[in-house]
Amino acid sequence: MINSKITVAMVWLLLCGLMACQSGSFEKTGIFLAKNYGAKGDSATLDTKALQAAIDAAERAGGGTVVLTPGLYSSGTLFLKSKVTLRVEAGAVLKGSPRLEDYTPLTWGHNGDRQPWHLLVAKDVHHVTIEGAGTIDGNGPAFWKDYDPAKDPQWIMPKEKK
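Residues numbered from 1 in each chain as written. Predicted model: local features only at pLDDT ≥ 70, side-chain atom pairs only at ≥ 80, totals over all residues. Heavy atoms only, no water.

Visitor: Is there a simple way to think about the environment of Lys28 in this case?
Guide: With respect to the helices and strands, the residue Lys28 is situated in the loop between helix 1 (2–23) and strand 1 (31–33). Residues Lys28 and Ala61 lie 33 residues apart in sequence; the distance between their C-alpha atoms is 8.8 Å. (Helix = DSSP H or I, 4+ residues; strand = E, 2+ residues; numbered from the N terminus.)

Visitor: Just checking my understanding: could you explain the sheet that holds strand 7 (residues 92–96) for this structure?
Guide: Across a sheet, strands are paired by hydrogen bonds formed along the backbone, either parallel or antiparallel in direction. Spatial ordering of the open sheet is given by 2-4-7-10, a layout of 4 strands whose pairing is parallel. Each end of this open sheet is capped by a strand with a single partner; those strands are strand 2 (42–46) and strand 10 (135–137). Within the sheet, the average angular offset between the axes of one strand and its neighbour, ignoring direction, is 20°. Sheet topology note: the strand 2/strand 4 (residues 71–75) ladder contains 2 bridges and is parallel. Counted as the bridge partner of Asp42 is Leu72 from strand 4. Contacts between helix 2 (residues 48–60) and the sheet are confined to strand 2, strand 4 and strand 7, with strand 4 contributing the most and set at about 95° to the helix. (Pairing = 2+ DSSP bridges. Axes fitted to C-alpha atoms, helices over the stretch in contact; angles between N-to-C directions. Contact = heavy atoms within 4.5 Å.)

Visitor: I keep staring at the sheet that holds strand 9 (residues 129–131) and nothing clicks. Help me out?
Guide: Here 4 strands make up an open sheet; going across it, the order is 1-3-6-9 and the pairing parallel. Because the sheet does not close on itself, it has two edges, and the strands there are strand 1 and strand 9. Strand after strand, the sheet turns through a mean of 20° between neighbouring axes, direction not considered. Running over the sheet, helix 2 touches strand 1, strand 3 (64–68) and strand 6 (84–88) and is turned about 160° from strand 3.

Visitor: Even after reading the chapter, I still don't get the pairing of strand 7, so can you show me in this structure?
Guide: Side chains on a regular strand alternate between the two faces of the sheet. Covered by surrounding structure in strand 7 are Ala92, Leu94 and Gly96 only, the residues Val93 and Lys95 on the alternate face being uncovered. Relative to strand 7, strand 4 is paired through 5 bridges, and the arrangement is parallel. Paired with Ser74 across the two strands is Lys95, which belongs to strand 7. Bridging between strand 7 and strand 10 involves 3 bridges; their strand directions are parallel. Across the sheet, residue Leu94 finds its bridge partner in strand 10, namely Ile136. (Buried < 20%, exposed > 50% of the residue type's maximum accessible area, 1.4 Å probe, protein only.)

If you want it as structure tokens, here you go:
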């Protein structure tokens, strides 16, 4: 009789835990799963709005960890917030969109921002962390122009290209 009560209690706790995971109740523990905010991580969807929504929710909660689970998340500019950790888990890739129109142009910075497009911005914030075994790929090659030594003699080619 006691064993059956313990078994029923364990099953009940397990089911409650699974329902909490499915409903996004991780937020009570300070964990904000990007996919619960609409991020797809399928490489085809622009996930900027969903990722920013998760970051903003973590800030409103007084801080937390936004988690990107395995997948490829395409994004424009993301504004990190105080007391928010961005965790890119193993197998997850946060990749900059190849389209400049997906970024918020910013005209401040140490060089008046000659390159006003940024994937991650942490301006006037504190206690910000980026962690995890995943990858953040700014997708630079999507924006690079071919090198022409006749037109751009001031540029030095990488050693492996000489």
